[in-house]
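# Structure at a glance
Below, each chain spelled out in residue letters.
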There are 2 protein chains.
Amino acid sequence: MSNITIAVDAMGGDNAPAEICAGAVKACKEFQDIEIILTGNTEKIKSCLEPHSRIHIQQASEIIDPDEHPANAIRKKKDSSMRVAMEMVKSGDAQGCVSAGSTGAIVSGGVLVVGRLPGIDRPALGVPIPSVEKISFMLDVGATVRCKPENLLQFALMGNIYSHKILGVSNPDIKLLSNGTEEIKGDDTVLGARELILQKKNLNFQGYIEGNDIVRGCADVIVCDGFTGNIALKLGEGIMKALKDLLTEEVSQSLIAKSGMLLLAPVVKKLWSRFNYEKYGGSALLGVKGAVIKAHGRSKSPAVFSAISAARNFINENAAELISNEINISEVK
Amino acid sequence: MSNITIAVDAMGGDNAPAEICAGAVKACKEFQDIEIILTGNTEKIKSCLEPHSRIHIQQASEIIDPDEHPANAIRKKKDSSMRVAMEMVKSGDAQGCVSAGSTGAIVSGGVLVVGRLPGIDRPALGVPIPSVEKISFMLDVGATVRCKPENLLQFALMGNIYSHKILGVSNPDIKLLSNGTEEIKGDDTVLGARELILQKKNLNFQGYIEGNDIVRGCADVIVCDGFTGNIALKLGEGIMKALKDLLTEEVSQSLIAKSGMLLLAPVVKKLWSRFNYEKYGGSALLGVKGAVIKAHGRSKSPAVFSAISAARNFINENAAELISNEINISEVK
C-alpha cells in the first residue's frame, strides 16, 4: 500500500503540464509506495495525463509566472498551482511537494506557506553538482542571498544530513567555499563560519574549497551563501552552453569536423550525460517542514521523475525531522 | 628612443626566470619604445637571457613564495624580486611593473609599496575574460574581498577607463554581477552600488548580469567584489580543465574516438585558443600609482609578452592619471 503522498505542481516550468504529468506517471509506475496529487487546471491536466490509480488531481486556477515578484506572487495567488501544492504539505495532506516553477516563489512559499523548522534561521537551496570524481552537494544556491556565520553553520549541518541520507555518502567531506584554501582567506562571514563549523565534532569538516576545485569532486558538501552559490551554479551552466554552441557552430562549417564529430559522438554524449541535470533529482529546499523539491525550469519527464524520486527519498528518510533534531542538538538560534 | 621603463620580476611564476626573460626579449624586439629592467638573481637571469641593449638587470636576492602570507612577505622581503620591481615604480625609475608571482603579494605590494591613487579606497584586480562575442573585463577578481557600494562604484569607473583605453572599446557596457537581472536582486551592497553607479551619467550602465551570461559577452565591464570574482574566475578555469581532462581520458580509450578527435583537432584548437589566457595580457591592479600587471602563474613567454604589452599600453595611455582624475571628479571618498 502507498504511504507517501507527494503534491506536484503540474503547471510550473517550461514544459508543463505534459512533461510534469508524464514524469508523475513514470514515478508511480516505478514506486509502489507513492501517491501523487497533481495541482493545477483540471482540464489541461486531464488532456495530457495517462490515467493511473495513484494519481489524483487537485484543481488550482492560477499560475505563478517566472518573472513575478516571488513573495508577492505566493502571498496573492492563493489558488496558484504552486501554492496549492505547498498548502497540502502544510496541512499534512502531502508530506512533500515538487515544482518546476519560479525558484524565488518556491523559496518564498517554503518559508511563508510550508514554514521553517524550529531553530532554522534561514533556509538553503541545495543542488547536486556532477563533478569529475563524484556528486557534490552545494548549498545555498539562491535561497538566502547573504548569510551570517550561523546560517552557514546550519547549511553545513543540513548538507551533511542530505548528503548522507539522500545521496548515500558515508561521513561526507564538508568544505566551505572561499577565495583560497589558506586559513586566512575569506571574509568575516566565512571566517566566522569556519570557526563555528570547526566546533561541531560530528561534521567531517575539511576547510576551504576554491572555485577551481568545485567540479573536481573535492568535497561531498560545499557550503556557501546564496549569492555566491547562485552565480557559481549559473556560471557553470553558462560555460557548458557556450561551449556547446561554439562547438556546434564551428563544426557546422567544416565537413571534416562534421565527420570527426560523428566519430566522437559517443564520447561527447557520455561526457554530456555526466553533467546532465535531469539525472540528479532537482534542488532541495532545506530547513522547512517537509520535502520541497525544485525541478529545473526546463525539466522534461525524466527530470520530473528524478525530482519526485528525491522527494520520496527525503520523506522516507525523515530528512526534515533529522534536520530539526540536529539543529536543536546544535542549539543554534 | 625608448621612453617607457618597465620593471619585470624575473623570479615570479612557475617558469621563472627562463620564460620571463624570453618574454622580455620578445617585447623589446616588438616595441622600440620600451626599456626593461629584470629584477632577481643576476647570475640566474644572465644564464638564460639573450642579451639585448634595452634589457637591464637589477639584482634582488630574495624570492616571494606563492604560499607565503602576502602582506608579511612584501613587508619583510625588502630585497625580493617582486618588491624591488615595485620599488622602482615607486621611485619613478620605472613607470610600471609586471610579475607572475603570488597574486596576494602583488596586491599587497601595489598598496604598500607602489601606493594607492588619491581618492581610491580599495584597489581592484581586473582580468580580460574571453567570451562568445567579445572580451569582457571583469573586476575585482581578488584584490578586495568584500566591498562597500562605494568600492564597486570606483571599480565601475576604473573598469570603464581600462576597457575604453586599453581594450579599445568605445562606450563600454557596464554591468554589475548579481543573482538575477531583476532590480530587486542583489544584497545590500550590490543594491547600493547600483544606485551609485546609476547616478554617474558618463557610465553606460546596463544593470545586472547573471552568472550564466558572464561568458556570453553581454557586457564589456563586469563589476563584482573580489570574493565573488575570484570564485567565478577560478570556477571557469576549473571547468575548462575538467572538460579537457575528461575528454582526453575518454578519447584515449577508443580508437574511433581518437580518429574523430584528429579530424576535429583544428576546431578544438580554435575553440581552446579563444579561451587562452596567454593572449589577454594578464590582470591589471587598478587604483595604484602606476601600471602593475599580474601575469598568470603558469605564464610562458607569450603570456609574459602580453603582460608587458598591457603594461606598455597602460603607461602610454596614462591610465593611472585618467583613473585619478575620474575618481576626483566623481568626488568619491
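Let me begin by describing the structure that accompanies this report. (Residues numbered from 1 in each chain as written. Chains lettered and ligands numbered in written order. Predicted model: local features only at pLDDT ≥ 70, side-chain atom pairs only at ≥ 80, totals over all residues. Heavy atoms only, no water.)

## A look at helix H10 (residues 301-316) of chain B
Selection criterion: Helical segments are the DSSP runs of H or I of at least four residues, strand segments are the runs of E of at least two, and each set is numbered from the N terminus. The span expected for a helix works out to 1.5 Å for each residue beyond the first. Any residue under 20% of the maximum accessible area for its type is buried, any over 50% is exposed, and the rest in between are partly exposed; the area is computed with a 1.4 Å probe on protein chains only.
Helix length check: H10(B) (16 residues) gives 22 Å between terminal C-alpha atoms against 22 Å at 1.5 Å per residue, within 8%. The element H10(B) is largely enclosed, with a buried count of 13 among its 16 residues.

## Section: the sheet that holds strand E5 (residues 124-130) of chain B
Residue and element names in this part refer to chain B. Heads up, the condition is: DSSP-based pairing: two strands are paired if at least 2 bridges between them are found. Between the N-to-C directions of two axes lies an angle of 0 to 180 degrees, each axis being a line fitted to C-alpha atoms and, for a helix, fitted only over the stretch in contact. Two residues qualify as a contact provided that any one of their heavy atoms is within 4.5 Å of a heavy atom in the partner residue.
Sheet architecture is open: 11 strands sit in the order E3-E2-E1-E4-E11-E10-E5-E6-E9-E7-E8, paired in mixed fashion. Each edge of the open sheet carries a strand with a single partner, namely strand E3 (55-59) and strand E8 (204-209). Averaged over all pairs of adjacent strands, the angle between strand axes in this sheet comes to 25°, irrespective of strand direction. Sheet topology note: the strand E2 (residues 34-40)/E3 ladder contains 5 bridges and is parallel. Along E3, the bridge assignment pairs Ile36 with Ile55. Each of strand E1 (4-9), E2, E3, strand E4 (96-99) and strand E11 (291-294) touches helix H4 (residues 81-91); the most contacted strand, E2, lies at about 145° to it.

## Overview of the interface of chain B and chain A
For clarity, the threshold we go by: Buried area counts how much accessible surface, traced with a 1.4 Å probe, disappears from two parts once they are put together, with both parts' losses summed. By definition, a salt bridge exists where a carboxyl oxygen of Asp or Glu is found within 4 Å of a side-chain nitrogen of Lys or Arg. Under this definition, polar contacts are N or O atom pairs within 3.5 Å; protein pairs additionally need one hydrogen-donor-capable and one acceptor-capable atom, and for neighbouring residues in sequence, both atoms have to be side-chain atoms. Three classes are used, and their members are as follows: Ala, Val, Leu, Ile, Met, Phe, Trp, Tyr, Cys and Pro are nonpolar, Asp, Glu, Lys and Arg are charged, and the others, Gly among them, are polar.
Facing the 48 residues of chain B at the interface are 48 residues of chain A. Carbon and sulfur atoms make up 76% of the surface buried where chain B meets chain A, a total of about 4,600 Å² over both sides. For the pair chain B and chain A, the number of links is 7 salt bridges. Notably, a salt bridge pairs A:Lys234 with B:Glu210, separated by 2.3 Å at the nearest N-O pair. In this structure, the connection of chain B to chain A is made through 11 residue pairs in polar contact (both at pLDDT 80 or more). Looking at the side of chain B that touches chain A, the elements with two or more residues in it are helix H8 (226-252) and helix H9 (255-274) of chain B. For the side of chain B that touches chain A, the leading source of residues is H8(B), giving 17 residues. Within the side of chain B that touches chain A, the residues separate by chemical class into 27 nonpolar, 13 polar and 8 charged.

## Focus on helix H6 (residues 149-166) of chain B
Residues and elements named next belong to chain B. Spanning 18 residues, H6 covers 25 Å between terminal C-alpha atoms, matching the ideal 26 Å at 1.5 Å per step. Among the 18 residues of H6, 15 are classified as buried, and the element is accordingly described as predominantly covered. Residue Gly168 follows H6 closely and has a positive phi angle near 75°.

## Considerations on the environment of B:Arg122
Residues and elements named next belong to chain B. Inspection of the secondary structure puts Arg122 in the loop between helix H5 (103-114) and E5. Since its relative accessible area comes to 34%, Arg122 is described here as partly exposed. A sequence separation of 40 residues divides Arg122 from Met82, and the C-alpha atoms of the two residues are 21 Å apart. Ignoring sequence-local partners within four residues, the contact set of Arg122 consists of Ala143, Thr144, Asn151, Gln154, Phe155 and Met158.

## Description of the relation of the copies chain B and chain A
Our working definition: Here the copies are superposed with least squares, the fitted atoms being C-alpha atoms of residues at a pLDDT of at least 70 in both.
The transformation that overlays chain B on chain A combines an axial shift of 0.0 Å with a rotation of 180°, and the residual RMSD is 0.1 Å. On the angle and the small slide along the axis, the relation comes out as a two-fold axis. Taking C-alpha positions as reference, the residue of chain B nearest the rotation axis is B:Gly260, located at 1.8 Å. With an isologous cut-off of 70% or more, the 100% of interface residues of chain B that recur at the interface of chain A puts this contact in the isologous class.

## Considerations on the sheet that holds strand E9 (residues 221-223) of chain A
Strand pairing in a sheet relies on backbone hydrogen bonds, with the paired strands running either antiparallel or parallel. All names here are of chain A. Strands sit in the order E3-E2-E1-E4-E11-E10-E5-E6-E9-E7-E8 across an open sheet of 11 strands; the sheet is mixed. Looking at strand neighbours, the two that pair on one side only are strand E3 (55-59) and strand E8 (204-209), the edges of this open sheet. Pairs of neighbouring strands in the sheet enclose a mean axial angle of 25°, with direction left out of account. Against the sheet, helix H4 (residues 81-91) makes contact with strand E1 (4-9), strand E2 (34-40), E3, strand E4 (96-99) and strand E11 (291-294), and its axis sits at roughly 145° relative to E2, the strand it touches most. Sheet strands touched by helix H7 (residues 188-198): strand E7 (173-177) and E8. Its angle to E8, the strand with the most contacts, is close to 165°.

## What to know about the packing of aromatic side chains
For the record, the criterion: Here a Phe, Tyr or Trp ring, Trp counted by its six-membered ring, pairs with any other such ring whose centre lies within 6.5 Å, and the pair is stacked when the planes are under 30 degrees apart, edge-to-face when over 60, and tilted otherwise. Two conditions define a charge located above a ring, namely a distance within 6 Å from the ring centre to NZ of Lys or CZ of Arg, and an angle within 35 degrees of the ring normal.
Scanning the model with the defined rule gives 6 aromatic pairs over all chains in all. Ring geometry for B:Phe31 against B:Phe305: centres 5.7 Å apart, planes inclined by 5°, an arrangement best described as stacked. Residue B:Phe31 is located in the loop between helix H1 (18-30) and E2, and its partner B:Phe305 is located in helix H10; the two are separated by 274 residues in the primary sequence. B:Phe31 gets classed as buried once you look at its relative accessible area, which sits at 11%. The exposure class of B:Phe305 is buried, given its relative accessible area of 15%. Aromatic pair B:Phe137 and B:Tyr162: ring centres 4.3 Å apart, planes at 10°, arrangement stacked. Of the two residues, B:Phe137 sits in strand E6 (residues 135-139) while B:Tyr162 sits in helix H6, which places them 25 residues apart along the sequence. A network of ring pairs unites the aromatic residues A:Phe137, A:Tyr162 and A:Phe314 as a single cluster. When the ring centre of A:Phe305 is taken as origin, the NZ or CZ atom of A:Lys26, which lies over that ring, is 4.1 Å away. In this structure, B:Arg194 is placed above the aromatic ring of B:Tyr208, and the distance from its NZ or CZ to the ring centre is 5.8 Å.

## Some words on unusual backbone geometry
Cis peptide bonds are those with omega within 30 degrees of zero, and the linkage from A:Ala16 to A:Pro17 qualifies with -5°. For A:Pro17, the position within the fold is in the loop between E1 and helix H1 (18-30). Of note, the phi angle at A:Asn318 is positive, near 55°, even though the residue is not glycine. Tracing the sequence through the fold places A:Asn318 in the loop between helix H10 (301-316) and helix H11 (319-330). Looking at A:Asn318, the relative accessible area reads 43%, which means it is partly exposed. The phi torsion at B:Asn171 lies on the positive side, around 50°, for a residue other than glycine. Relative to the elements of secondary structure, B:Asn171 occurs in the loop between H6 and strand E7 (173-177).

Everything listed here is a matter of geometry and, on its own, says nothing about what the molecule does.
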